[in-house]
Amino acid sequence: MELRLRGVGHGYGGREVLRGIDLDIPAGQIVCIVGPSGCGKSTLLRMMGGLEEPDLGEVLQVGQAPEDCLNPLTYIFQDFALLPWRTVAGNVSLVLEDHEIKGVDASAMIKDVLQRTRLSDFADTLPRQLSGGMKQRVAIARALVVNPAVMLMDEPLSALDSQTRELLMDDLISLWTRTPFTAVYVTHNLAEAVRLGHRIVVLSRRPGEVREVVTLEKPLEARAYGDADLEVKQKHLWELMRAEAAAADAELIGG
Amino acid sequence: MTRRWVGFAVFLVLLLAVEWGTRTGFISPLTLPKPSDVLQTFAELYSSGLLFQHLLPSLSRLAVGAALGASLGIGVGLLMGLFSFIRAGLVPLVAAIFPIPKIALLPLFVIWFGIDEGSKYALIAFGTFTPTVVATYAAVDNVDRTLIRMGQSFGLSWLSIVRKIVLPGAMPGILAGLRISLAIAIILLVAAEMLGAEYGIGAYILEAGSLYDLERLFAGVVILSVLGVLVSAVIGAIEKRVLNWRS
């Protein structure tokens, strides 16, 4: 399944947040959206997931979601959003229960997805006992178990320290390499964008418009921390964003 | 472990100080009774069978009244937390009845529900109801919004979100509210029994008070304290079971 955005614009209380966004999210690719703070990245993601209607333009879902897909558009949140009273397995099971998947089927699916995210040993652990990185892996497992057509990731690594972030990026890459998934990945971190993105969409400051779409041909599994060519791309992205970010920053101070 | 005994130690030191004071005459017998005499009175109360004659009606009043008030309170509080329309309608009403001293309404309840058990149940229920409503409603309101949004984004049904996210999330607040509500229930139980009951801890204390029988008065007060500690321990045990996910 693909997502297509056509002329999406939106405002809150007379203040324009997004303007004329045209964007394609092709199947099997990770599209990163970067931009200065307050540029409407998260709003855009909410619209893709259908949590919000754009004032202008439309968000189209093209093609069918896979047959065994339980929740076509699935979010991964910055703050993990795990139920603290449920174990790791219980948190994954939560999203299956409403689809009448229980008992043996459910435990097989949970077992499989925990294995893919290397959480098998922690099935009966409560979230409070887990580190931030582990918590986000549980959230990723919970998203994978519904076999989403598109994963919508809202700064999933922003709450983590930089080492954990590296580890999780490796995890995401190996998950994608094994079974490519479609994802929209919103971040303000350019290093994440050049590691994970097949395409990187740069938004301008408010009102957010697409400034440039950068395509990275290098396969995900070949990318590594500190690759020279990625550094070049990252520098290019930063140059695109620098003036915007500075202006956005000044705007915030000026109210 | 050692912390637990500090509480006992405080009790013990106070009791021993009073015992010493009353024995030496430092505290006059008109001010405080001798703790050992209170204990003896209590033993007599027990052996004469009077203890249960007073305790059982009190306990049943407390159980019926508090159960009615707490369950109604949790129910209404949940509705207020879940539906903004109900909340808008009931918040002013709850704010209006919360500060009313419920004891002042006892004469009214006697007319409405009769002089027997009915008015006592109603008084205790009403007194438990309002703090439970406020605590439950606030607890539901305080459930982490991101968890609810997560449930919605995974397409969970409304009922599932309430059952699996809102209710467990509100549980700590609801239980904390029950602690307060049940203490208030005990206070109102005594008040109701003082105003019109043949048997019951409140009646027993009132009778002892009018005869200036300090030993019996204190024996009654001790029963109330023990009751309070027991109720609190029961809620503590429930919290330990239900909220074991908290550190």
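Heads up: the structure comes first, above all this text.
Fair warning: this is a prediction, and the values are worked out from it, not measured in the lab.

Scoring rules and cut-offs
- Residues numbered from 1 in each chain as written.
- Chains lettered and ligands numbered in written order.
- Predicted model: local features only at pLDDT ≥ 70, side-chain atom pairs only at ≥ 80, totals over all residues.
- Heavy atoms only, no water.
- Pairing = 2+ DSSP bridges.
- Helix = DSSP H or I, 4+ residues; strand = E, 2+ residues; numbered from the N terminus.
- Axes fitted to C-alpha atoms, helices over the stretch in contact; angles between N-to-C directions.
- Contact = heavy atoms within 4.5 Å.
- Core = buried A, V, L, I, M, F, W, Y, C linked by side-chain atoms within 4.5 Å.
- Buried < 20%, exposed > 50% of the residue type's maximum accessible area, 1.4 Å probe, protein only.
- Salt bridge = Lys/Arg side-chain N within 4 Å of Asp/Glu carboxyl O.
- Buried area = accessible area lost by both parts, 1.4 Å probe.
- Polar contact = N/O pair within 3.5 Å; in protein donor to acceptor, adjacent residues only side chain to side chain.
- Nonpolar A, V, L, I, M, F, W, Y, C, P; charged D, E, K, R; others polar.

A. Summary view of the sheet that holds strand S1 (residues 2-12) of chain A. All names here are of chain A. Taking strand neighbours across the sheet as the criterion, the 3 strands line up as S2-S1-S4 in an open arrangement whose pairing is antiparallel. Either end of the sheet is taken by a strand with one partner, and the two such strands are strand S2 (15-25) and strand S4 (56-62). Ignoring strand direction, the axes of neighbouring strands in this sheet form an average angle of 15°. The sheet contact formed by S1 and S4 spans 6 bridges and is antiparallel. The partner of Leu5 across the bridge, within S4, is Val59. Packed on one face of the sheet, helix H1 (residues 41-48) meets S1, S2 and S4 and runs near 125° to S1.

B. Up close: the nonpolar core. In this structure, Leu23, Ile33, Leu44, Met48, Leu114 and Ile200 of chain A are the most contacted members of the largest nonpolar core, which totals 131 residues. Of all the elements, helix H8 (residues 158-195) of chain B adds the most residues to this core, at 14 residues. Those residues in contact with Leu23 of chain A that lie beyond four places of it in its chain are Leu3, Arg4, Leu5, Arg6, Ile33, Leu44, Met48 and Val201 of chain A. Counting 5 residues, the second largest nonpolar core, distinct from the first, contains Val76, Met80, Val94 and Phe129 of chain B.

C. Representation of the sheet that holds strand S5 (residues 73-76) of chain A within the structure. Residue and element names in this part refer to chain A. In spatial order, the strands read S5-S6-S7-S3-S8-S9; together these 6 strands make up an open sheet with mixed pairing. Of all the strands in the sheet, the pair left with one neighbour each is S5 and strand S9 (210-215). For this sheet, the mean inter-axis angle between neighbouring strands, taken without regard to orientation, is 20°. Bridge count between strand S8 (residues 199-203) and S9: 5 bridges; the pairing is antiparallel. Looking at S9, one finds that Ile200 is bridged to Val214. Along the sheet, H1 makes contact with strand S3 (30-34), S5, strand S6 (150-154), strand S7 (182-186) and S8, crossing S6 at roughly 155°. Helix H4 (residues 132-145) rests against S5 and S6 of the sheet, and its axis sits at about 175° to S5.

D. Looking closely at the pattern of salt bridges. For the coordinates displayed, the defined rule picks out 24 salt bridges over all chains. Residue Asp171 of chain A is joined to Arg118 of chain A by a salt bridge in which the shortest nitrogen-to-oxygen separation is 2.4 Å. Taken as a pair, Asp171 of chain A in helix H5 (residues 162-178) and Arg118 of chain A in the loop between helix H3 (103-116) and H4 lie far apart in primary sequence, 53 residues in all. In this structure, Glu117 of chain B engages Arg61 of chain B in a salt bridge whose closest nitrogen and oxygen atoms are separated by 2.9 Å. Placement of Glu117 of chain B in helix H6 (residues 117-141) and of Arg61 of chain B in helix H3 (residues 50-82) is noted, with a sequence separation of 56 residues between them. Residue classification places Arg61 of chain B among the buried positions, given a relative accessible area of 5%. A single network of salt bridges, built from pairs that share partners, joins Arg86, Glu97 and Asp98 of chain A together with Lys164 of chain B.

E. Summary view of the interface of chain A and chain B. Between chain A and chain B, the contact holds 22 residues from the first and 18 residues from the second. Note on chain A versus chain B: buried area summed over both sides is about 1800 Å², and carbon and sulfur give 68% of it. Of all residues in chain A, Trp85, Asp98 and Arg128 of chain A give up the largest surface area on contact with chain B, accounting jointly for 35% of the area buried on that side. Seen at the junction of chain A and chain B, the total is 2 salt bridges. The salt bridge partner of Asp98 of chain A is Lys164 of chain B, with a shortest N-O separation of 3.7 Å. At the boundary of chain A and chain B, one finds 7 residue pairs in polar contact (both at pLDDT 80 or more). Within the residue set of the side of chain A that touches chain B, elements represented by two or more residues are S5, helix H2 (88-97) and H4 of chain A. Tallied by class, residues from the side of chain A that touches chain B come to 13 nonpolar, 3 polar and 6 charged.

F. The pairing of S8 of chain A, seen in detail. Residue and element names in this part refer to chain A. Most of S8 is tucked away: 4 of the 5 residues are buried. Of the strand pairs in this sheet, S3 and S8 are connected by 4 bridges, and their pairing is parallel. From the neighbouring strand, Val31 faces S8, where its bridge partner is Arg199. Where S8 folds back on S9, the antiparallel hairpin that results is connected by 6 residues.

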